[in-house]
Every structure is written in C-alpha cells, then in structure tokens.
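# Working through the structure, step by step
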Amino acid sequence: MSNQASTKPKPTQFYELRCRECHTPWGNQPISFCQKCFAPLEVVYDWASIKPLISRDEIARRGTTLWRYKELLPLPDEYDASLPVGFTPLVKAANLGDALPGGSARNKSLYLKNDASCFPTLSFKDRVVAVALAQARNFGFEVVSCSSTGNLANAVAAQAARGGFKACVFIPSDLESAKVLGTEVYGAQIVRIAGNYDHVNRLCSQIADKHRWGFVNVNLRPYYAEGSKTVGYEIAEQLGWRLPDNVVVPMAGGSLITKIYKAFKELVELGLVEAKNVKFFGAQATGCSPISTAVKAGRNEIQPQKPATIARSLAIGNPADGFYAARTIASTGGWAEDASDPEIVDGIALLAETEGIFTETAGGVTVASARKLYAQGRIKPEETTVLCITGNGLKTTDALVGRYEASEPIAPKLAALEEYLEQKLVGVYEAFGEARAGARGGVL
Amino acid sequence: MSVTVSIPSAFRRHTEGLDRFDASAANINELLDVLGNRFPELKPHLRDEQGNVRRFLNIYVNDEDIRFLDKDYKFAEGDDVTLVPSIAGG
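Now for a look at the structure at hand.

Conventions used here
Residues numbered from 1 in each chain as written. Chains lettered and ligands numbered in written order. Predicted model: local features only at pLDDT ≥ 70, side-chain atom pairs only at ≥ 80, totals over all residues. Heavy atoms only, no water. Helix = DSSP H or I, 4+ residues; strand = E, 2+ residues; numbered from the N terminus. Rg over C-alpha atoms; globule rule 2.2 N^0.38 Å. Buried < 20%, exposed > 50% of the residue type's maximum accessible area, 1.4 Å probe, protein only. Contact = heavy atoms within 4.5 Å. Areas by Shrake-Rupley, 256 points an atom, 1.4 Å probe, with all protein chains shown as cover. Lys, Arg positive; Asp, Glu negative; His and termini not counted. Charge placed at Lys NZ, Arg CZ, Asp CG, Glu CD. Pairing = 2+ DSSP bridges. Axes fitted to C-alpha atoms, helices over the stretch in contact; angles between N-to-C directions. Buried area = accessible area lost by both parts, 1.4 Å probe. Salt bridge = Lys/Arg side-chain N within 4 Å of Asp/Glu carboxyl O. Polar contact = N/O pair within 3.5 Å; in protein donor to acceptor, adjacent residues only side chain to side chain. Nonpolar A, V, L, I, M, F, W, Y, C, P; charged D, E, K, R; others polar. Parallel < 35°, antiparallel > 145°, perpendicular 65-115°, else oblique. Left-handed = near helix turned anticlockwise from the far one by under 90°. Core = buried A, V, L, I, M, F, W, Y, C linked by side-chain atoms within 4.5 Å. Domains from an automatic or database assignment.

### Re the overall build of chain B
Check the secondary structure of chain B and you find 2 helices and 5 strands. Of the regular secondary structure in chain B, the N- to C-terminal order runs β-β-α-α-β-β-β. Here the C-alpha atoms of chain B give a radius of gyration of 12 Å, agreeing with the 12 Å that 2.2 N^0.38 yields for 90 residues. Across the 90 residues of chain B, 46% fall into the buried class. Taking contacts inside chain B between residues at least 6 apart in sequence as the whole, the part at least 24 apart equals 47%. Working note: accessible area of chain B is about 4,600 Å², and carbon and sulfur atoms make up 46% of it. A distance of 7 Å separates the average location of the 11 positive side-chain charges in chain B from that of its 16 negative side-chain charges.

Written as structure tokens, this is what we have:
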C-alpha cells in the first residue's frame, strides 16, 4: 500500500443523531425517533471541529445556493451539490410596511424572505428535500416518499426525477389541482388518501415501519428538517451578517420556526453574527391553529385539531413539532397569531398589490398574522422584522376564485377602448388621460 | 370488550416480538393498564409520571386519535387500537 493511499482524507462527518429528550446518541441512520424513549431525534454537530472550516469570507466565495453552508448541514461526504436550491431573495418591503399598522414605511424595517421563488418547485420544501435526498442516496434508498400537503410532494417528485430515484408520494385527496399536477408531471406515483393530512401522515409512519422506503419526512426527517435552517442562515447573511429583531413564520408541523431559531443560535456559536434576542412569531390559519391556540393559552402542550381552512399547506392538525414550536415562541418572547380564510385571501392580495409577490395561502396567513402583530404592538415598526414567504401563489389559485371577475372582451378598436375605460375604469381613464396630456405637452 | 392492538416495530422488543395483541378492556385507561401489566418493560413508555399518556405516543381507535374521543369513550367489541410512537411528517 502506498503512502498516498493511507493519507487520503478521512470521512468528515461532524454530526450525528441525538434524542431531543433523553439525549441518547444514535449515530447516523434512517430513523426519526429515539429507540429508547421514543421521543424525536435531531442532528447535533461537533462545532469545535466545524468552526475552523467556515467563515464569512469563505461563505462569500461560494455559489449562491444553500450548499454554501454545507458544513452546517448533515451532508454525507459524497453528495450532488449541482442543484441550485435556496439563496432566495430577501426583499425590503417598504410598500407593505406602509400598508401595515404602526406608522409609515419610513420608520419601518420590514423584509420578506421570498421562497415563492425557490428552485426548483417554488417553495421552501426544496431546501429540506435537497438535504433529505443526499442522505437517501447515502443510505441506499431507491424509492423516496413523503406524506405531503402539496409543496413537499412537488419538491420530492422533482428532485427524485433529477436524482434517479423512484418517487411515491401520499397526499390528502382534497389538495389543490396545481399541486397534484405539479407532482404528476415529474413522473412520481401519487397515492391520494381519503382523509386529511393527519390520516396520511399516520399511514406513512406505518408504511415506513414496514417497508424500506426513504420517507423524507418520516425516517429521514431529522436530516430533512435541517434543510430549513438555511432560511435562517440566509436571512442573517443577507441582512449583512446580523440577526433581525423579529421573524414571522408560518406553522404547519412547526419545524421551520424551530430550525430558524436553531440556525441563528448556531451562527452565534460560530461567531458569524452577534448574539441577539430574536423574537419568534408563529402564524397559522384559524381553521387549523393547534400551535397558536396553545401559545395564546400559555402552554406548550398541543391539543390536535381537525383542519378546516383554505391554507391546505398548513393544514396539519397534529403537528409533529408543535410542542417545540410553542416552546420556541414562548422562550423568545414572541407570540402566535392566526388568520381566517377571508383574512388569508386579503393577505395574499395585499402582498401582491404592494410588493409584486404572489404567494400561496400560507404566505397569506403570514401577512395577515403580521398585520395583527403590528396592530397589537407586539412587533414595533422600527424593529427589523422578516416575514417568511414560503410558497408560490400560482399553486393555490383556487383560493382566489370569485375574488376577481373576468372582464368582457372588447373589439380591437381604439374607440371601443375609450368607451370601455369611460364605463369601467373611470379612475384609470382619468390617469390615462392626464398621462396622455402630459406626454403631448412634453412633445409640444 | 375484546380489542386488537397493533404494536409498532419499535415497541416489539418489549412485547416478546408480538406485532398484534388481543386484549380485553373497557376503555383506553384499562387497556393501558392491561398492556403495562402484560408487558412490564413497555409500561414506562405508555404513561408519564403523572399518569398521562406520554407526549410522543399517539394512540388511535379505529383511525381516530383518542384526543378527539370522549374522555369516557367505551370500547366496542372488535375495536382496532393503533400505537404510533413520535408522529413525524410536516
């Protein structure tokens, strides 16, 4: 054996699974709960070994994808980083700030983390699936699967197609047609279940217990969930390596809000940002609000609900991380709010009309909840606040049916347009007329 | 009433490898007592020190989460009971 072979770099996995309750370590394997006490597992890291490998400058030299934070994620030594997932825009939202209670945009510091544009399937689920499939390959799974309210199915199907996995996804039967189509198109097998998400989820736990499939949000869940941390890393980096005062996060299973919290904590530990007491605010639909109900009642224990909301991507009545989400919110001095179906639709429209961003129902929940939090004074206008917009409105157009009327077509003649404007759009016509007069004046 | 309990694989090392167990019980509380007495190693995983069902244990009766059932729900003959440790998803 040559010396060169013996000096080949050794695997550098500075992470492993550990029980969130009894803290028993479980190495790295496709399991989601402690085999000793049955509490959930999460990934812990050897920060002392990781710290020398990463710095702001090192990160800045890397491509603008979530892989720029690779040392902070549970990735195997061999993984495909070619898919440009993540690093979505952080948008200053002056117009939305103006429209929300608490004073004008001039004294508001409001931002949107816009995962409505996440690659490849336009939701933050692309992040978690990217990490989960890296581990699915590592563990030798050929079939990848999930229980999904829609966005996750899209992300699993798309990335499985590219990665050469077979995909079989389980969804409630009442999902939006765009989310179903946006899974089928990638060639995934869809199993529609006559029941709500919680029925689907329970079934998937039972399937994962019996069959050797890579369920990204069951037996691969501890790894999968870590992908959500990249939302937090990006917010901090895009704010110039500083933490915001507040974040407002939509909650379904409750994982995302806990992972953004974890991300901020890790960045502080690594010395990449200064410590700050960030307040975490959770947003749910009133028709499925087990976590916000617990927070408002001053408890962490979750009483499950039967979902009845247009925000189907958040319609999880028995949230896996509900307890931890409620605890994160309470421990940071935050709060939780919820929004009715009409408020959700208004939230979608408000974001679109003020910032030109078309979000799905979950984003409507976030905007509507933020409006309440500003009105209650829980979020102060001058504080730096980030709203997490997690999905794209083109997937949930069903929610807007009836809000916008299709106009009658008119003849392709200028006279017909003039008549139309006079009848239908008086305000626009006046503006149009003024602009026309102004333009003429300019020419003359 | 006679009910059938489905045991997940993680619990089977405490149930002599059984994946199903037929028990006679009138309600959930009685069933947990029966299971705990029959399988002493499983007992601490069913209830916490206060006697409440453990936070991460989900119990279903005929597909319904027991938290949606009446507190004094009485089993019907042949009810299926499913134990799911630490629900995942989301």
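### A short note on helix α10 (residues 229-238) of chain A
Residues and elements named next belong to chain A. Burial analysis of α10 places 9 of its 10 residues in the buried class, which makes it a mostly covered element. Those residues of α10 that fall on the buried side of the exposure criterion are Lys 229, Thr 230, Val 231, Gly 232, Tyr 233, Glu 234, Ile 235, Ala 236 and Glu 237. Positioned one or two residues after α10, Gly 240 has a phi angle of 85°, which is positive.

### As for the sheet that holds strand β12 (residues 335-339) of chain A
All names here are of chain A. Taken in spatial order, the 6 strands make up an open sheet running β4-β5-β13-β10-β11-β12, and their pairing is mixed. Each edge of the open sheet carries a strand with a single partner, namely β4 (90-92) and β12. Across the sheet, the axes of successive neighbouring strands diverge by a mean angle of 25°, strand direction being ignored. As defined by bridge partners, strand β5 (residues 109-114) adjoins strand β13 (residues 384-389) across 6 bridges and the pair is classed as parallel. In the sheet register, Lys 113 faces β13, and the bridge partner there is Cys 388. Along the sheet, helix α11 (residues 255-269) contacts β10 (246-250), β11 (279-285) and β13; its crossing angle with β11, the most-contacted strand, is approximately 165°.

### A closer look at the interface of chain B and chain A
The interface is formed by 25 residues belonging to chain B together with 34 residues belonging to chain A. The contact between chain B and chain A buries some 2,400 Å² in all, and 53% of this surface belongs to carbon and sulfur atoms. Considering only the surface of chain B that becomes buried against chain A, Arg55(B), Phe56(B) and Gly90(B) emerge as the three largest contributors, covering 24% of it. One can count 4 salt bridges joining chain B with chain A. When the shortest N-O distance is used, the salt bridge between Asp63(B) and Arg202(A) registers 2.9 Å. The interface formed by chain B and chain A contains 14 residue pairs in polar contact (both at pLDDT 80 or more). Secondary structure elements with two or more residues in the side of chain B that touches chain A: β3 (57-61), β4 (64-65) and β5 (80-85) of chain B. Looking at which element gives the most residues to the side of chain B that touches chain A, the answer is β5(B), with 3 residues. Of the residues belonging to the side of chain B that touches chain A, the class tally is 10 nonpolar, 8 polar and 7 charged.

### Here's the deal with the packing of α10(A) against α11(A)
Residue and element names in this part refer to chain A. Packing of α10 against α11 brings their axes to within 7 Å, and their N-to-C directions diverge by 50°. On the basis of the axis angle, α10 is oblique to α11. The crossing of α10 and α11 is right-handed. Residues Lys 229, Val 231, Gly 232, Tyr 233, Ile 235 and Ala 236 of α10 form the contact with α11, whose participating residues are Leu 256, Lys 259, Ile 260, Lys 262, Ala 263, Phe 264, Glu 266 and Leu 267. Looking at side-chain class alone, the contact of α10 with α11 contains 9 nonpolar, 1 polar and 4 charged residues.

### As for the side chain of Asp115(A)
For Asp115(A), the location among the structural elements is in the loop between β5 and α5 (125-138). Among all residues touching Asp115(A), those that are not within four sequence positions of it are Thr88(A), Leu122(A), Ser123(A), Phe124(A), Arg127(A), Val231(A), Ile389(A), Thr390(A) and Gly391(A).

### As for the nonpolar core
Burial of nonpolar side chains together is a common tendency in soluble globular proteins. By size, the foremost hydrophobic cluster in this structure holds 114 residues, and its most contacted members are Leu72(A), Leu96(A), Val156(A) and Ile235(A). Broken down by element, the residue count for this core peaks at 7 residues, all from helix α15 (residues 361-375) of chain A. Mapping this core onto the domain boundaries places at least three of its residues in each of domain 1 (90-121 + 228-400) and domain 2 (125-225) of chain A. Those residues in contact with Leu72(A) that lie beyond four places of it in its chain are Tyr45(A), Trp47(A), Ile50(A), Ile54(A), Lys229(A), Tyr233(A), Glu266(A), Leu267(A) and Leu270(A). Of all hydrophobic cores here, the second largest spans 24 residues; its members include Ala23(B), Ile28(B), Leu35(B) and Leu42(B).

### Let's talk about the pattern of salt bridges
All names here are of chain A. Overall, the coordinates contain 32 salt bridges over all chains when judged by the stated rule. Where Glu 16 meets Arg 18, a salt bridge forms, and the shortest distance between an N and an O atom there is 3.4 Å. By relative accessible area, which is 31% here, Arg 18 ends up partly exposed. Between Arg 127 and Glu 234 there is a salt bridge, and its shortest N-O distance comes to 2.8 Å. With Arg 127 in helix α5 and Glu 234 in helix α10, the pair connects residues that are 107 residues apart, well separated along the chain. Comparing Arg 127 with Glu 234, the two get one shared label, buried. Via salt bridges that share partners, Glu 42, Glu 226, Lys 229, Lys 259, Lys 262 and Glu 266 belong to a single interconnected network.

### Overview of the environment of Ile190(A)
All names here are of chain A. The topology assignment puts Ile 190 in strand β8 (residues 189-193). A residue is classified by how much of its surface remains accessible, and Ile 190, at 16% relative accessible area, is buried. On a C-alpha basis, the gap between Ile 190 and Ile 329 in space is 35 Å, while along the polypeptide they are 139 residues apart. Look past the residues within four positions of Ile 190 in its chain and what remains in contact with it is Val 169, Ile 171, Val 180, Thr 183 and Glu 184.

### Concerning the sheet that holds strand β7 (residues 166-172) of chain A
All names here are of chain A. Read across the open sheet, the 4 strands follow the order β8-β7-β6-β9; overall the sheet is parallel. At either end of the open sheet lies a strand with only one pairing partner, and these are β8 and β9 (214-215). Pairing between β7 and β8: 5 bridges, direction parallel. Across the sheet, residue Val 169 finds its bridge partner in β8, namely Ile 190. Against the sheet, helix α8 (residues 197-210) contacts β6 (143-147), β7, β8 and β9, and its axis sits at roughly 145° relative to β7.

Read these as geometric descriptors, not functional statements.
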